[in-house]
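The primary structure of each chain is shown beneath.
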Amino acid sequence: MMFAQIFVVVAILASAGVASAQTVFTPSLRIPGIGVERKNISGAVLDDRIRKIILSRQFWLLRQECAKDAPKRLFDNYWRIIEPVAAIEPRLDPYIIGALITLESCVVEKADNGFGPVGLCQIDIASGKDLGMKVHVERRFRLVPRKNSRGQILKDRRGRALARRVYYWYTYPDDERWDPAKCIMGMRNRLLRSYNAYGSMDATLAEYHMGPTRMNRLLSLYTGQNVVRNPTKKGEVAAKEVIAKRQLRYAKIFFDNTPSWRRSVWLYLKRLPDDSETYYFKEAMWEGLLRFYHDPRYGGGPAAYERLQARYSGASSPMWSFFTEEERQQYMIMTVEALAKAYDPPRPGEGARLVPLPQDPAFFGFRPRLEGSSPIGAKALKPQDRPYYIGSEASTLGALVYISYELRRLTGAGFRILETNSLVRDNDYQLRLRTDNVNARTSLPTHVMAKAFDLPYNWMSPQLRENLEFLLQDLAYDGKLTFSPESGSQHTDHVVPHPDAEEFFDKVYAGAERQLAARNAARRANTQ
């Protein structure tokens, strides 16, 4: 009995020691499959991440002005061509062709950027010839003024403007890629040829924009084998065989890598031109949008689609779609007096709108920049007001806490304490800042709304900067936030949590406060 009692006492002391010895913050709530947890991502988590990244593409598609009437043009003018063409091959859904057309040309029949692809389906010169279409093009050039880095036209000694040649492809009217019926049939044939090579519509859709050479290279990097479409040499493996044997999905390849895990795959995807790495997810988003517009079973319709598109139209960043005009006015903190008051609960027992930034850099992995270049609160009119700028809404600070946690896990020994040099501001402070900071001249002042924080990165090691960029993008793919590098010489990422993620980040902040309190209590106990 005595030995049992001693064992219990030792166990209690050991557990208390572990709690007091906690050196870094660890949230009780975590986002599955984010950052370092991408390694060997499970099927259920992968499915959830696919759903969220497809949804995150909605803004980038609908912000285009041409997207307003794209579905109407598609269904009014070309659906009667698409449906019978798709029906020839049972595996080919007509909405797939419709989505590709919308993604490629925004359903503009005469789309031509001068680089080769033209028409409704944006079939390039090589693909058109390969598909047996009549391609009639000519290489031409035009003269454009030469300019310096400030945009000024350069001139010779006699004052004549200097010019340079810009080459482009002129496509003649008889080129069959202009013909909607022929280009739709060509798109169908191109898809089926690719499907026969890969045995997967998943890989087919990703390859449609990426091209077979890049897709084969990506498969080779991921599998460690020399993957080609049609093996002819020793050591080559058929893409169809590899995909079937490993049951590969494009989304699995996309997410199953980090800057340190399968780094070659991550780098290859990152360096693909023209946003090819997310083309598959954008196509899936357009499929959903077209069904939402056209199919009554999806509960939408033309009017609902128009309202959805209007929410994003013309916006330069997703954060413009986060808040209505009424919400922008509601969240604005106009004066330093209002800022100070926002830290006080309106009634006993209620939470204040603003909370202070947790202060324990080693524990949380970040600190406020209080000196040096662009410190927090530098433009405060009174020194005693400066602490008001070292805080924000709990969800905003919770996002900072969570990013630091995931970045520390991802980076390991190379991690260094992050700095934030901008949290909440009042509008009067923002107006003073505008005189020498172009980024403060915005009609959506998310700092004044207590919805943003900044992370300067010019001091970071290449590894830490790379990991931070990866992690912010990963969280954006998951719909948790948006971010954008500040313009000019700021060398700063501006981060805005998504309103739908505020409850999650609120809980992260609450957990941070509890763990910090426990840590401080343990410190006090150890000094007694």
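Everything below is about the structure printed above this text.
Notes on the structure in this doc start here. In this text the structure is predicted, and so the values were computed from the model without any measurement.

**Details of the pattern of salt bridges**
So, step 1. Evaluated as defined, the whole model comprises 38 salt bridges.
So, step 2. D130 is the partner of R193 in a salt bridge, and the nearest nitrogen-oxygen pair spans 2.4 Å. With R193 in helix α7 (residues 180-198) and D130 in helix α6 (residues 125-130), this pair connects stretches of sequence that are 63 residues apart.
So, step 3. A salt bridge links R347 to E350; the shortest N-O distance between them is 3.0 Å.

**Concerning helix α14 (residues 302-312)**
So, step 1. Residues of α14 that are buried: A304, Y305, L308, Q309 and Y312. Along the long axis of α14, the arc covered by the buried residues comes to 135°, so they all point the same way. Among the exposed residues of α14, those pointing more than 90 degrees away from its buried face are R307 and A310.
So, step 2. For α14, the elements touching its buried residues are α3 (58-62), α4 (70-87) and α13 (279-294).
So, step 3. In the segment just after α14, G314 is the residue with positive phi, at about 75°.

**Some remarks on unusual backbone geometry**
So, step 1. Phi at V107 is positive, roughly 60°, even though this residue is not glycine.
So, step 2. Locating V107 in the fold gives a position in the loop between α5 (94-105) and α6.

**Examining empty space enclosed by the protein**
So, step 1. Inspection of every chain in the model, using the stated rule, returns two cavities of 30 Å³ or more.
So, step 2. In this structure, the largest cavity encloses a volume near 50 Å³.
So, step 3. Surrounding the largest cavity, D202, A203, M215, L219, I243, L248, R249, Y250 and I253 form its lining.
So, step 4. Going through the elements one at a time, α8 (201-210), α9 (212-223) and α11 (250-255) are the ones with two or more residues in the lining of the largest cavity.
So, step 5. Its residues assigned to classes, the lining of the largest cavity shows seven nonpolar, no polar and two charged.
So, step 6. By volume, the second largest cavity amounts to about 30 Å³.
So, step 7. Residue lining of the second largest cavity: P27, S28, L29, K507, V508 and G511, and that is the complete set.
So, step 8. Split into classes, the residues belonging to the lining of the second largest cavity amount to three nonpolar, two polar and one charged.

About the cut-offs
Residues numbered from 1 in each chain as written. Predicted model: local features only at pLDDT ≥ 70, side-chain atom pairs only at ≥ 80, totals over all residues. Heavy atoms only, no water. Salt bridge = Lys/Arg side-chain N within 4 Å of Asp/Glu carboxyl O. Helix = DSSP H or I, 4+ residues; strand = E, 2+ residues; numbered from the N terminus. Buried < 20%, exposed > 50% of the residue type's maximum accessible area, 1.4 Å probe, protein only. Arc of directions from axis to C-beta. Contact = heavy atoms within 4.5 Å. 1 Å grid on protein atoms, 1.4 Å probe; cavity = no way out; pocket = protein on both sides within 12 Å on 5 of 7 lines; lining within 4 Å. Points joined across faces, edges and corners; volume = space filled by probe spheres on them. Nonpolar A, V, L, I, M, F, W, Y, C, P; charged D, E, K, R; others polar.

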